[in-house]
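Read off the chains here:
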Amino acid sequence: MNTPVYLDFQATTPVDPRVLEAMLPYFTQVFGNAASRNHPFGWDAEKAVDNARAQCAALIGAHEKEIVFTSGSTEAINLALKGVAEMYGSKGKHIITSLSEHKAVLDVAKHLEKEGFEVTYLAPDKLGRHSVEQIEAAMRDDTILVAIMWANNEIGTIQSIAEIGKLCKERKVLFMCDGTQAAGKIPVNVDEAGVDLMCASGHKMYGPKGVGFLYVRRKNPRVRLVAQMDGGGHERGMRSGTLNVPGIVGLGAAADVARQDLEKDAKHSLQLRERFEARVFKALDQVFINGDKDNRLPGCSNLSFAYVEGESLIMGIPELAVSSGSACTSASLEPSHVLQSMGVGDELAHSSIRFGFGRLTTEEETDYAADQIIRAVIKLRELSPLYEMALEGIDLSQVNWTGH
Amino acid sequence: MAYSDKVLDHYNNPRNVGSLDKTSNAVGTGIVGAPECGDVMKLQIEVDGDRIVDAKFKTFGCGSAIASSSLATEWLRGKTLQEATAITNTEIVQELSLPPVKIHCSVLAEDAIKAAVSDFKRKHAGEDA
Ligand SMILES: Cc1ncc(COP(=O)(O)O)c(C=O)c1O
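About the criteria used
Just so you know, the residues in each chain are numbered from 1, in the order the chain's sequence is written. Chain letters and ligand numbers both follow the written order, the letters beginning at A and the numbers at 1. Two thresholds apply to this predicted model, a pLDDT of at least 70 for residue-level local features and 80 or more for giving and counting side-chain atom pairs, whereas whole-chain, interface and lining totals are computed over all residues. Processing note: side-chain calculations cover all non-hydrogen atoms of the structure and skip hydrogens and water entirely. Helix and strand definitions follow DSSP, with helices as H or I runs of at least four residues and strands as E runs of at least two, each counted in order from the N terminus. For the radius of gyration, the atom set is restricted to C-alpha positions; the globular benchmark scales as 2.2 Å times the number of residues to the power 0.38. Within 6.5 Å between ring centres, the rings of Phe, Tyr and Trp (the latter by its six-membered ring) count as paired, and their orientation is classed by plane angle as stacked under 30 degrees, edge-to-face over 60, tilted in between. Exposed residues in this analysis have more than 50% of their type's maximum accessible area, buried residues have under 20%, and partly exposed residues fall in between, with area computed by a 1.4 Å probe over protein chains only. In this scheme, Lys NZ or Arg CZ marks a charge over a ring once it lies within 6 Å of the ring centre and within 35 degrees of the ring normal. Whether a residue is near a molecule or strand is decided by its heavy atoms; if any one of them lies within 4 Å of it, the residue is near. Each polar contact in these results corresponds to two N or O atoms within 3.5 Å; when the atoms are within protein, one needs to be able to donate a hydrogen and the other to accept it, and residues that are neighboring in sequence are counted only if both atoms are side-chain atoms. Each accessible area is a Shrake-Rupley result for a 1.4 Å probe, and residues are judged covered by the shown protein chains and nothing else. Each patch is assembled from residues with relative accessible area greater than 30% and no salt bridge, linking like charges that lie within 9 Å and nonpolar side chains (Val, Leu, Ile, Met, Phe, Trp, Tyr) that lie within 5 Å. One speaks of a salt bridge when a side-chain nitrogen belonging to Lys or Arg is within 4 Å of a carboxyl oxygen belonging to Asp or Glu. Note on geometry: axes are lines fitted to C-alpha atoms, helical ones only across the stretch in contact, with angles between N-to-C directions running from 0 to 180 degrees. Here the word oblique covers every angle except those under 35 degrees (roughly parallel), over 145 (roughly antiparallel) and from 65 to 115 (roughly perpendicular). In this analysis, two residues are considered to be in contact whenever any of their non-hydrogen atoms come within 4.5 Å of each other. Think of it as three bins: nonpolar holds Ala, Val, Leu, Ile, Met, Phe, Trp, Tyr, Cys and Pro, charged holds Asp, Glu, Lys and Arg, and polar takes everything else, Gly as well. What pLDDT reports is the predictor's confidence in each residue, on a scale of 0 through 100.

Can you walk me through the overall build of chain B in this structure?
Check the secondary structure of chain B and you find 5 helices and 3 strands. If you list the helices and strands of chain B from N to C, you get α-β-β-β-α-α-α-α. Taken over C-alpha atoms, the radius of gyration comes to 14 Å for chain B, in line with the 14 Å a tight globule of 129 residues would show. Reported as C-alpha extents along the three principal axes, the dimensions of chain B are approximately 50 × 30 × 25 Å.

As structure tokens, this is what we get:
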């Protein structure tokens, strides 16, 4: 086993060797511009792009003509939200989204607010879920778009996408879904779910970084977008710019591998996560799962360790590459906006760590990670005045703290 | 984030971790910070006459907060109460090479020292020095 152990598969994934192999010829041999119409170099590149388009479409149950290649999910989200807002802004100015969305969605929403749109930010329940009733209650006559993610990147909570899709259809409101964490990890079918727009990203599914796609529904309803990148009219005018052929080939290959191995991968990650959590919970008290324990991404375990602070905890596990829910970089600590939106108290939010298990994670690494975190928590609790007070039976919420 | 060697040393081998009897007349206890801010320091001194003979700490907070309080206990031992309250956060910042974003950790340690001393003094208010 090599250290540090990589347990941050929600942040990014390594490129699968099968994917890399598929990509390599497209750097040096088949290097043509997919838009070149006059020679085989261009035709071969275009063929490869079309093949990748079909592979991406197959992963999410779409038609290949509904796939628009982008530089990743951030760009796809920008295109979807801004493109819809510009196209349908004369019909209505209201957009509904969630406080627990990725910054890529939240920041675009803020941008649209400055352009005169009204955005309702719904708070999820304490497991990170949104009910259809809550979304329905927020709908107005001038609502044009609902943007709710399929699965959350920090806590892994999976939303009832099909129910939300059905509601949006009934109300003739477009439904955009950030599928970055879901695509390739859990079954995703845009038709069954009634999703009108969805983004996905290569580097989250063992493909290369800097490439992704936006799914844009073609029928029932036909979604139209105002392009956000002007130029040569590539991607049916929706996204100009010479196509990143090797990247797109890699994205397609990654989607293909993910589709074929979906069940195997999910089972593997889930089994490791369960093994990890069982070991941690056996050794430590006062550990809490953030997110929907029974309905989360198979490889995602976001835990809060009461009475210890997140950054010191990360310091105590230098051999684990994980992500913390709090960033102590300034005088005022900023706990994760996702945990905050779910009403996880700041204290527990500060002590949260996301462990991500993926295709390459082994049982040995999983056990090692559990033992490392257990050791660090025990050590820090010995150091923690809060743990001592809690053991003495003091209710910490009743203490008159001297906040600074 | 990169930590200075001294911060890492205090984090890995914290000095004087523990608790003194907070009800004892010889002990002064300072608890500063708040859990929702991400750091709470408990610093205790045991005083004999005018001199600090023992100091203990427990800290909930980042590595720099732990190091600041650990260092404070080292410095407190053997000092008079007056010398103790003269310790400033800038000295802690210098000793541990804390970056600007971690200065609040040193401020908290200074506050904890002052709180512990004033708790001790409160217990002895009205007595002849
Ligand atoms: C849920 C979610 N949306 C969007 C993004 C942004 O994706 P990309 O890195 O492809 O721009 C990420 C990745 O950080 C994500 O996890």
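Having seen the model, we can carry on.
Which parts of the structure should I look at to understand the packing of aromatic side chains?
Two measures describe an aromatic ring pair: the distance that separates the ring centres and the angle between the ring planes. Throughout the structure, instances matching the rule amount to 6 aromatic pairs over all chains. Summarising the aromatic geometry, the rings of Phe276 of chain A and Phe355 of chain A are spaced 4.6 Å apart at their centres and angled 50° between planes, so their arrangement reads as tilted. You can see Phe276 of chain A sitting in helix α9 (residues 245–283) and its partner Phe355 of chain A sitting in strand β15 (residues 352–356), a full 79 residues away along the chain. Judged by its relative accessible area of 0%, Phe276 of chain A falls in the buried class. For Phe355 of chain A, a relative accessible area of 0% translates into the label buried. Three or more aromatic residues joined by ring pairs make a cluster, and in this case those are Tyr6, Phe9 and Tyr206 of chain A. Above the face of the Tyr206 of chain A ring, Arg359 of chain A is positioned so that its terminal group lies 4.0 Å from the ring centre. Of note, Lys379 of chain A hangs over the ring of Tyr11 of chain B, and the distance from its end group to the ring centre comes to 4.3 Å.

Looking at this structure, I do not really get the site of the ligand. What am I missing?
Residue and element names in this part refer to chain A. The immediate surroundings of the ligand are formed by 13 residues, with Thr74, Asp178, Gln181, Ser201 and Lys204 found nearest. A distance of 2.6 Å separates a nitrogen atom of the ligand from a polar atom in the side chain of Asp178. Between the ligand and the protein, one listed contact pairs an oxygen atom with a side-chain N or O atom of His203 at 2.9 Å. A total of 400 Å² of accessible area belongs to the ligand in isolation, and the protein chains cover 85% of it. By residue number, the principal contributor to the shell around the ligand is helix α4 (residues 73–88), which donates 3 residues.

How should I be thinking about a nonpolar patch on the surface in this particular structure?
All names here are of chain A. A cluster of nonpolar side chains, namely Val15, Leu20, Leu24 and Phe27, defines an oily patch on the protein surface of about 350 Å² accessible area. With respect to the helices and strands, Val15 occurs in the loop between β1 (5–6) and α1 (17–23). By relative accessible area, Val15 is classed as partly exposed at 35%.

How should I be thinking about the packing of helix α2 (residues 63–76) of chain B against helix α4 (residues 89–96) of chain B in this particular structure?
Between two packed helices, the angle of one axis relative to the other and the distance separating the axes together describe the packing. Residue and element names in this part refer to chain B. In the contact formed by α2 and α4, the axes pass within 10 Å of each other and the chain directions differ by 110°. Classified by the angle their axes make, α2 and α4 are roughly perpendicular. Contact with α2, carried on its side by Ala67, Ser68, Leu71 and Trp75, involves Glu91, Ile92, Glu95 and Leu96 of α4 and no other residues of that element. Tallied by class, residues from the contact of α2 with α4 come to 5 nonpolar, 1 polar and 2 charged.

Explain the confidence of the model for chain A to me, please; I cannot follow it from the model alone.
Note that predicted coordinates carrying low pLDDT should not be read in detail. Across chain A, the average pLDDT comes to 95, with 97% of residues at 70 or higher. Within the model, the stretch residues 327–331 of chain A combines pLDDT values under 50 with 14 contacts to residues more than four positions away or in other chains.

It is not clear to me how the environment of Thr85 of chain B should be interpreted in this structure. Could you clarify?
Residues and elements named next belong to chain B. In this fold, Thr85 is placed in helix α3 (residues 81–85). Residue classification places Thr85 among the partly exposed positions, given a relative accessible area of 27%. Measuring from C-alpha to C-alpha, the distance between Thr85 and Glu46 comes to 15 Å, with 39 residues separating the pair along the chain. Setting aside chain neighbours within four positions, we find Thr85 in contact with Lys114 and Val117.

Sorry, what's going on with unusual backbone geometry here?
A negative phi angle is the norm for most residues apart from glycine, just as the trans form is the norm for most peptide bonds. Residue and element names in this part refer to chain A. In this chain, Thr3 is followed by Pro4 through a cis amide linkage whose omega measures -5°. Along the chain, Pro4 turns up in the segment before β1. Following Asn220, the chain continues to Pro221 via a peptide bond in cis, the omega torsion being -5°. Secondary-structure assignment places Pro221 in the loop between β8 (212–216) and α9. At Asn220, a residue that is not glycine, the phi angle is positive and equals roughly 50°. Take Asn220: it is sitting in the loop between β8 and α9.

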